[in-house]
Protein chains: 2
Amino acid sequence: MALDNRKKEVLQAIVDDYVATCEPVGSKALIDRHDFMVSSATLRNDMAELERMGYLEQPHTSAGRIPSDKGYREYVNSLMKVDRLSDAEGKEIKEKLSVSFDEIAELLKAASSALADQTGYISLAMTPKLTSSYLTQLKMLMIEPGKVLVVVVLSAGVVKNRMVRIPDFLTQEQIAQISNAVEQGLSGLPLSEISLITVATAAKDNQKVELPEALLNQVLYEAYTAIKQADNLDVYMQGKHRMLALPEFSDTKRAQGLFDTLSHDGLVAGYVDEVTKQDEKKEYMIRIGQEITLEGLDDCSFITTTYNVGGKVAGNIGVIGPKRMEYSKVISQINFVRMMLDEKLKQ
Amino acid sequence: MALDNRKKEVLQAIVDDYVATCEPVGSKALIDRHDFMVSSATLRNDMAELERMGYLEQPHTSAGRIPSDKGYREYVNSLMKVDRLSDAEGKEIKEKLSVSFDEIAELLKAASSALADQTGYISLAMTPKLTSSYLTQLKMLMIEPGKVLVVVVLSAGVVKNRMVRIPDFLTQEQIAQISNAVEQGLSGLPLSEISLITVATAAKDNQKVELPEALLNQVLYEAYTAIKQADNLDVYMQGKHRMLALPEFSDTKRAQGLFDTLSHDGLVAGYVDEVTKQDEKKEYMIRIGQEITLEGLDDCSFITTTYNVGGKVAGNIGVIGPKRMEYSKVISQINFVRMMLDEKLKQ
DNA sequence: TTTAGCACTCTTACTCCTCGAGTGCTAAAC
DNA sequence: GTTTAGCACTCGAGGAGTAAGAGTGCTAAA
């Protein structure tokens, strides 16, 4: 059963009002604040109907209505008016992102910070997903005998490094030769295809110095793990503490549940990944309330989108806020930040 | 006016009880739970006296007493019994810290995590203060034309790196020569003595290739800023969300104030530094309630200590918890972690 | 299909009251 | 001088009762 026009308007008005006030909306308040050309009694009938259909909920008999998850979903899918970002706001974001960045991590931190400041909610920025990227450089730098810094550079502009231990007596020259060999053999190869075996064959095919097999393998193993750990996503999250100011989290129990989950970066990153796959074709992904399968986020909504590096889908940015969120505003903000990132990462 | 023995016992008992229950302690409850050989009336007199002297406070006339900041201070300074860590707990911490670490940062993260888990409060671990350390290595690694990774290695075992931009046409060889020259000229020099000028003279004294002055200066400037930013402390903080479970933070306003401040790493690091200087000679530094000059931490206590690298005072670890904290337990935990760090960083 | 009217429900806020924990003080006992 | 028993007093927590107000659903008429 579809919603007739007035019911749509009613639902829309209720969501708008509830977002603004965080108070259940009654038929009278609705009449007062909007130009419905009908009486409150008519709205009451509509509201009762909307409740029967699952779009609205009533905290108690004598309170007004609040949108259900389904109500928000309908709102987001077809009712809300998409905001244009004000010029002032666009300029502000632009300024915050006009950092000179030499590593993508810095830009993402700035993006996350801008998003948190601008929305007033929790922001999220994740380094590019590396499955789609490939190795461009591998350097091993002797820091002191037995200690080597492995620097891994990936096509998406990500640079990671990691300190590893190797036998004391190896020289910088030997190490450099090994890393050069591996780099030659592997550069251009997608990360997903790099395994201990491909590393080993790369080294053996391209290597000039002779080293005992066992020794070589030890170094290669360290190189391999360094490459593999470069695969880890970094998650930048900001603005958590702002949630405490919202009435929905005035109960510390809820806030605790939320923070508990959010303190596990991996969980969040995994969920974003899952959502991104589900809504592959969409410009942005929205999950509302119970739709979110992470514990403690039932009162939240989660909006994410993907940014591109060199024109290819790379990583995610997103916002976590209360269900009672200014969806259209947040969407336009997140979109703007995404566009800025895309542009800066076009190179 | 000094406290007589019984008053000391009374204060100690009140702190112990209040820490355990978070409820104001009355004279009767005190008699019930402890073996005072006097009547409740006597204790009442003592408590009134202790209040007059500023060690206790009364939330309202008809409630029991709670310790004031001064009361906690007295408790910490001379009343509390120092706990020995249980073997089980020691073992647990040991296990958590038995990560194989190649960078000091990893060890500190583990230490912070162990401390948070063990105390149930907020833990803190800071990378070594670098004013006392000196440069041991400086490497510049060309990632792509115009982009160079500067790796700075410091005596305290800290490795930092930073991507910088340089003119496109410089070659890896030129860059390497410059960085070698700078490294030769500066290695062994305390960070505090490194300035743009010392960097420049180091380069010019040791350099073999000739580059136009302006070009060279540009590269040196980038090297210099990379060295300088290696000076930034990293702060690892964990367990914030646990504070929400405490009754003193059931009011979200307070929690918000706390989290607001804690989200500024720099503030916290600066404060730790200040406290460390004030209590230079002490084994650990304690700040209670209003003694803490950070906003929003009036209901907290802050315990920090220093760990050593190679036998020299290096960085700080610490715990932030409610004033109503199990001081002796936390102190022994923090001490244990400190000892473990010292040992691991003896090298 | 819409509307006016009305009885009904339920929350919130306020007041009143009692209960109990805890106090301070006094006067007597040690 | 110190300790103790006794007692009046204070104050907050919690429960009961009540009134106000917001909002509803339903009915009957337009």
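Above this text you will find the structure in question.
Notes on the structure in this doc start here. (Residues numbered from 1 in each chain as written. Chains lettered and ligands numbered in written order. Predicted model: local features only at pLDDT ≥ 70, side-chain atom pairs only at ≥ 80, totals over all residues. Heavy atoms only, no water.)

## Section: the protein's contact with DNA strand C
Point 1. What surrounds DNA strand C is a group of 21 residues, the closest being Thr42(A), Thr61(A), Ser62(A), Ser27(B) and Arg65(B).
Point 2. Within 4 Å of the protein, atoms of DNA strand C come from sugar and phosphate in 77% of cases.
Point 3. Here Thr42(A) contributes a side-chain N or O atom positioned 2.4 Å from a phosphate oxygen of DNA strand C.
Point 4. The contact in question runs from a sugar or linking oxygen of DNA strand C to an N or O atom on the backbone of Ala63(B), over 3.5 Å. (Near = heavy atom within 4 Å. Polar contact = N/O pair within 3.5 Å; in protein donor to acceptor, adjacent residues only side chain to side chain.)

## Some points on the pattern of salt bridges
All names here are of chain A.
Point 1. What the rule picks out here adds up to 38 salt bridges over all chains.
Point 2. The residue Glu248 makes a salt bridge to Arg324 at a minimum N-O spacing of 2.8 Å. Of this pair, Glu248 sits in the loop between β7 (235–238) and α10 (252–262) while Arg324 is found in the loop between β10 (312–322) and α12 (327–344), placing the two residues 76 residues apart along the sequence.
Point 3. Its relative accessible area of 17% is what places Glu248 among the buried residues.
Point 4. Taking the shortest distance from any N to any O, the salt bridge between Arg254 and Asp299 comes out at 2.2 Å. Here Asp299 lies in the loop between β8 (284–288) and β9 (300–309) and Arg254 lies in helix α10, a separation of 45 residues in the sequence.
Point 5. The class of Asp299 is partly exposed, set by a relative accessible area of 23%.
Point 6. Because the salt bridges share partners, they merge into one network encompassing Glu92, Lys96, Asp117 and Arg242. (Salt bridge = Lys/Arg side-chain N within 4 Å of Asp/Glu carboxyl O. Helix = DSSP H or I, 4+ residues; strand = E, 2+ residues; numbered from the N terminus. Buried < 20%, exposed > 50% of the residue type's maximum accessible area, 1.4 Å probe, protein only.)

## Looking at the environment of Lys312(A)
Point 1. Structurally, the position occupied by Lys312(A) is in strand β10.
Point 2. As a C-alpha pair, Lys312(A) and Lys346(A) span 34 residues in sequence and 9.1 Å in three-dimensional space.

## Looking at the sheet that holds strand β5 (residues 147–154) of chain B
Pairing between the strands of a sheet is mediated by backbone hydrogen bonds and can be parallel or antiparallel.
All names here are of chain B.
Point 1. Taken together, the 3 strands give an open sheet; going across it, the order is β4-β5-β6, and neighbouring strands pair in antiparallel fashion. The open sheet has two edge strands, β4 (135–144) and β6 (159–165), and neither has a second partner. This sheet shows a mean twist of 20° between the axes of neighbouring strands, independent of strand direction.
Point 2. One ladder, built from 8 bridges, connects β4 with β5; its direction is antiparallel. Note on β5: the bridge partner recorded for Met142 is Val148.
Point 3. Contacts from helix α7 (residues 172–186) reach β4 and β5, with the element oriented near 170° to β4.
Point 4. Lying on the sheet, helix α9 (residues 213–229) is in contact with β4, β5 and β6; it crosses β6 at an angle near 145°. (Pairing = 2+ DSSP bridges. Axes fitted to C-alpha atoms, helices over the stretch in contact; angles between N-to-C directions. Contact = heavy atoms within 4.5 Å.)

## Things to note about unusual backbone geometry
Point 1. Even without being glycine, Cys22(A) reaches a positive phi, approximately 60°.
Point 2. One can find Cys22(A) in the loop between α1 (5–21) and α2 (27–33).

## Structural notes on the interface of chain B and chain A
Point 1. Taken together, the contact pairs 30 residues of chain B with 30 residues of chain A.
Point 2. In total, about 2600 Å² of surface goes out of reach between chain B and chain A, with carbon and sulfur atoms giving 58% of it.
Point 3. In terms of surface lost to chain A, no three residues of chain B exceed Asp102(B), Met163(B) and His241(B), which account for 23% of the buried area on that side.
Point 4. Applying the counting rule to chain B against chain A returns 0 salt bridges.
Point 5. Scanning the region where chain B abuts chain A turns up 5 residue pairs in polar contact (both at pLDDT 80 or more).
Point 6. Where the side of chain B that touches chain A is concerned, the elements lending two or more residues are β4, β5, β6 and α10 (252–262) of chain B. (Buried area = accessible area lost by both parts, 1.4 Å probe.)

## Observations concerning the relation of the copies chain B and chain A
Relating one copy of the chain to the other takes a rotation about an axis and a shift parallel to that axis.
Point 1. Here chain B sits on chain A after a turn of 180° about the axis and a move of 0.0 Å along it, with an RMSD of 0.1 Å. What we have between these two chains is a two-fold relation. It is Thr252(B) whose C-alpha, among those of chain B, lies nearest the rotation axis, at 3.3 Å.
Point 2. When the interface residues of chain B are mapped onto chain A, 100% of them again lie at the interface, so the same face is used by both copies. (Least-squares fit on C-alpha atoms with pLDDT ≥ 70 in both.)

## Details of the protein's contact with DNA strand D
Point 1. Taken together, 22 residues form the shell around DNA strand D, and within it Ser27(A), Arg65(A), Ser39(B), Thr42(B) and Thr61(B) come nearest.
Point 2. For DNA strand D, the fraction of atoms within 4 Å of the protein that belong to sugar or phosphate moieties is 77%.
Point 3. A distance of 3.2 Å separates a base nitrogen of DNA strand D from a polar side-chain atom of Arg44(A).
Point 4. Thr42(B) places a side-chain nitrogen or oxygen 2.4 Å from a phosphate oxygen of DNA strand D.
Point 5. If you list the elements that add at least two residues to the surface near DNA strand D, you get α3 (40–52) of chain A together with α3 (40–52) of chain B.
Point 6. Tallied by class, residues from the surface near DNA strand D come to 6 nonpolar, 12 polar and 4 charged. (Nonpolar A, V, L, I, M, F, W, Y, C, P; charged D, E, K, R; others polar.)

## Examining the sheet that holds strand β3 (residues 122–126) of chain A
Residues and elements named next belong to chain A.
Point 1. Pairing is antiparallel in the open sheet, where 5 strands are placed in the order β7-β3-β10-β9-β8. Looking at which strands have only one partner, the edges of the open sheet turn out to be β7 and β8. Taken pair by pair, the neighbouring strands of this sheet meet at an average axis angle of 15°, ignoring direction.
Point 2. In the packing of helix α6 (residues 104–119) onto the sheet, the strands contacted are β3, β7, β9 and β10, and the crossing angle to β7 comes to about 25°.

## Regarding the packing of helix α1 (residues 5–21) of chain B against helix α4 (residues 69–79) of chain B
Residues and elements named next belong to chain B.
Point 1. Following both chains from N to C, one finds α1 and α4 inclined at 110°, their axes separated by 10 Å at the closest point. As far as their axial angle goes, α4 and α1 are roughly perpendicular. The segment α1 lies against α4, with Lys8, Leu11, Gln12, Val15, Asp16 and Tyr18 engaging Gly71, Tyr72, Glu74, Tyr75 and Leu79.
Point 2. Taken together, the residues of the contact of α1 with α4 sort by class into 6 nonpolar, 2 polar and 3 charged. (Parallel < 35°, antiparallel > 145°, perpendicular 65-115°, else oblique.)

## Points about the environment of Leu189(A)
Point 1. Structurally, Leu189(A) can be placed in the loop between α7 (172–186) and α8 (196–206).
Point 2. In this structure Leu189(A) touches Tyr134(A), Leu135(A) and Ile194(A), once residues within four positions along its chain are discounted.

These figures capture arrangement, not role.
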